[in-house]
Amino acid sequence: MNDVLSHSPDAPAALAGRESRSARPPFLGFGLGLRAQHYDEILDGDPPIDWFEVISENYMLPGGQPLRVLDRIRERYPVVMHGVSMSIASTAPPDFEYLQGLRDLARRVEPQWISDHLCWTGVHGKNLHDLLPIPYTGEALDHVVNRVQLVQEYLGRAIVLENVSTYVQFSNSEMTEWEFLSELSRRSGCFLLFDVNNVYVSAFNHGYDPLTFLRGIPADRVVQFHMAGHSHVGTHIIDTHDHPVCEDVFDLYVAALKHFGRVSTMIERDDNIPPLGELIVEVNRTREIAAAVLPEPVRWVR
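## Structural notes on the pattern of salt bridges
And then number 1: Overall, the coordinates contain six salt bridges when judged by the stated rule.
And then number 2: Between Arg187 and Asp142 there is a salt bridge, with the nearest N and O atoms lying 2.9 Å from each other. Of the two residues, Arg187 is situated in helix H7 (residues 177-188) and Asp142 in helix H6 (residues 138-155); the sequence distance between them amounts to 45 residues.
And then number 3: A relative accessible area of 38% means that Asp142 is categorised as partly exposed.
And then number 4: Its salt-bridge partner being Arg285, residue Glu247 comes within 2.8 Å of it at the nearest N-O pair. Residue Glu247 is located in helix H10 (residues 247-260), and its partner Arg285 is located in helix H11 (residues 276-293); the two are separated by 38 residues in the primary sequence.
And then number 5: The exposure class assigned to Glu247 is partly exposed, which follows from its relative accessible area of 45%.

## Examining the packing of helix H5 (residues 96-109) against H6
And then number 1: The N-to-C vectors of H5 and H6 enclose an angle of 45°; their axes lie 10 Å apart at closest approach. Regarding the angle of H5 to H6, the classification is oblique. Where H5 crosses over H6, the handedness of that crossing is right-handed. Contacts from Phe96, Leu99, Gln100, Leu102 and Arg103 of H5 reach H6 at Leu150, Val151, Tyr154 and Leu155.
And then number 2: Its residues assigned to classes, the contact of H5 with H6 shows seven nonpolar, one polar and one charged.

## Examining H6
And then number 1: Taking 1.5 Å of rise per residue, the 18 residues of H6 would be expected to cover 26 Å, and the 26 Å separating its terminal C-alpha atoms lies within 8% of that figure.
And then number 2: Along H6, the residues classified as buried are Ala140, Leu141, Val144, Val145, Arg147, Val148, Leu150, Val151, Gln152, Glu153, Tyr154 and Leu155.
And then number 3: Following H6 by one or two positions, Gly156 has its phi on the positive side, about 75°.

## With respect to a nonpolar patch on the surface
And then number 1: Among the surface-exposed residues, Tyr167, Val168, Val233 and Ile238 lie close enough to one another that they form a single nonpolar patch of about 350 Å² accessible area.
And then number 2: Of note, Val168 is situated in the loop between strand S7 (160-162) and H7.

## A closer look at the sheet that holds S7
And then number 1: Strand order around the closed barrel formed by eight strands is S1-S2-S3-S4-S7-S8-S9-S12, with parallel pairing between neighbours. The mean angle between the axes of side-by-side strands here comes to 30°, regardless of whether they run parallel or antiparallel.
And then number 2: For strand S1 (residues 30-33) and strand S12 (residues 264-268), the ladder comprises three bridges, and the chain directions are parallel. Pairing of Gly31 across the sheet is with Met266, part of S12.
And then number 3: Against the sheet, H5 touches strand S3 (79-82) and strand S4 (114-117), its axis set at about 170° to S3.
And then number 4: Packing of helix H8 (residues 196-206) onto the sheet brings it into contact with S7, strand S8 (191-195) and strand S9 (222-228), and relative to S8 it is tilted by some 65°.

## Quick notes on the nonpolar core
And then number 1: Leu184, Phe194 and Phe225 are the most contacted members of the largest nonpolar core, which has 80 residues in total.
And then number 2: Of all the elements, H6 adds the most residues to this core, at nine residues.
And then number 3: Excluding its chain neighbours within four sequence positions, the residues that come into contact with Phe194 are Asn163, Val199, Phe213, Leu214, Ile217, Val222, Gln224, Phe225, His226, Ala256 and Phe260.
And then number 4: One finds Leu28, Trp113, Ala158 and Val160 within the second-largest nonpolar core, a separate group that totals 10 residues.

## A short note on the packing of aromatic side chains
And then number 1: Scanning the model with the defined rule gives 13 aromatic pairs in all.
And then number 2: Through a chain of ring-to-ring contacts, the aromatic side chains of Trp178, Phe194, Tyr208, Phe213, Phe225, Tyr253 and Phe260 assemble into a single cluster.
And then number 3: In this arrangement the basic side chain of Arg103 is found over the ring face of Tyr154, its NZ or CZ atom lying 4.0 Å from the centre.
And then number 4: When the ring centre of Phe250 is taken as reference, the NZ or CZ atom of Arg285 above it lies at 4.0 Å.

Cut-offs used in this document
- Every chain begins its residue count from 1, and numbering advances along the sequence as written.
- It should be noted that, the model being predicted, local features are given only for residues of pLDDT at least 70 and side-chain atom pairs only at 80 or more, the latter also being counted only at that level, while totals for whole chains, interfaces and linings use all residues.
- With hydrogens and water excluded, all non-hydrogen atoms of the structure serve as input to the side-chain values.
- Each salt bridge in this description consists of a side-chain nitrogen of Lys or Arg and a carboxyl oxygen of Asp or Glu lying within 4 Å of one another.
- What counts as a helix is a DSSP run of H or I of at least four residues, what counts as a strand is a run of E of at least two, and both are numbered from the N terminus.
- Exposure classes here rest on a 1.4 Å probe applied to the protein chains alone. A residue is buried below 20% of its type maximum, exposed above 50%, and partly exposed in between.
- Helix axes use the C-alpha atoms of the stretch in contact, all axes being lines fitted to C-alpha atoms, and the angles between their N-to-C directions lie in the range 0 to 180 degrees.
- An angle below 35 degrees is treated as roughly parallel, one above 145 as roughly antiparallel, one from 65 to 115 as roughly perpendicular, and anything else as oblique.
- Crossing handedness: left-handed means the near helix sits turned counterclockwise from the far one by under a right angle, and right-handed means the same turn made clockwise.
- Whether two residues are in contact is decided by their heavy atoms: any pair within 4.5 Å suffices.
- Throughout this entry, Asp, Glu, Lys and Arg are counted as charged residues, while Ala, Val, Leu, Ile, Met, Phe, Trp, Tyr, Cys and Pro are counted as nonpolar. The remaining residues, Gly among them, count as polar.
- Each helix should span, by expectation, one fewer than its residue count multiplied by 1.5 Å.
- Put simply, a patch holds well-exposed residues, over 30% relative accessible area, that have no salt bridge, with like charges counted together within 9 Å and Val, Leu, Ile, Met, Phe, Trp or Tyr side chains within 5 Å.
- Exposure was quantified through the Shrake-Rupley algorithm and a 1.4 Å probe, taking into account, for residues, occlusion by the shown protein chains and nothing else.
- By the convention used here, strands pair only if DSSP detects at least 2 bridges between them.
- Buried Ala, Val, Leu, Ile, Met, Phe, Trp, Tyr and Cys residues form a nonpolar core when they are joined through side-chain atoms within 4.5 Å.
- By convention, a stacked pair of Phe, Tyr or Trp rings (six-membered ring in the case of Trp) has centres within 6.5 Å and planes under 30 degrees apart, an edge-to-face pair has planes over 60 apart, and any other such pair is tilted.
- Any Lys NZ or Arg CZ found within 6 Å of a ring centre and within 35 degrees of that ring's normal is scored as a charge over the ring.

Shown next, in the form of structure tokens:
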């Protein structure tokens, strides 16, 4: 890993901050995914949202209106960066042009953390624009641990990785997804984004108890929850992020709070995006559930 890193651009800068990488990110409260449809309403008002999550790739540009808007929102709200193209599990060489763009954006935005997905997204230089599953084998674990460590050295911080929704399983897997994630976090030092909806979706699709997944993840490694909707088509569930959060996912959120404790939570909506007020209702519901479940008061932190 260090040999690869030493040949990357700006290798000395990539090694900076090694001692601070393992610091656990702070609790931010209850947030929302930032979407262009809501820019004006957010800037013109003061919506009761504690923080925003931005899609990193939408702002990895040298300029333009989205970046100017993000600068203004960043002045008023904490922000985290969430990517969809790191392809951390890929066997292709690391894309240092992408990582440099990510690092440059992070220096500008100063996010509370940077997250992406435990998956691969392309091959032979082609981005398939999907979050593709991996086999949970010892060989794959060694590979991803090395990739995570390389990225963390380059960015100078621990990253946060999310469990994805899956629709197929590999017959050669040697461990469960939750065992893989737990060991990956322990060995690499990365933190975890526990997507409550994705656990519900995958558990239904593969026929296991979502609580088994939840209880298999170490509580001290999870720093963020995603809450989202999906499309239930009878035989399986598709992770579409185009519906409100369903009651079963809210029930699983209650169990997640009891297991993980106080964790930054956000509502994620990517299609059929409603008015901001409707999403604030969902944000407030997560806040109210957490206040009822957790022993200590959960305040609006901004």
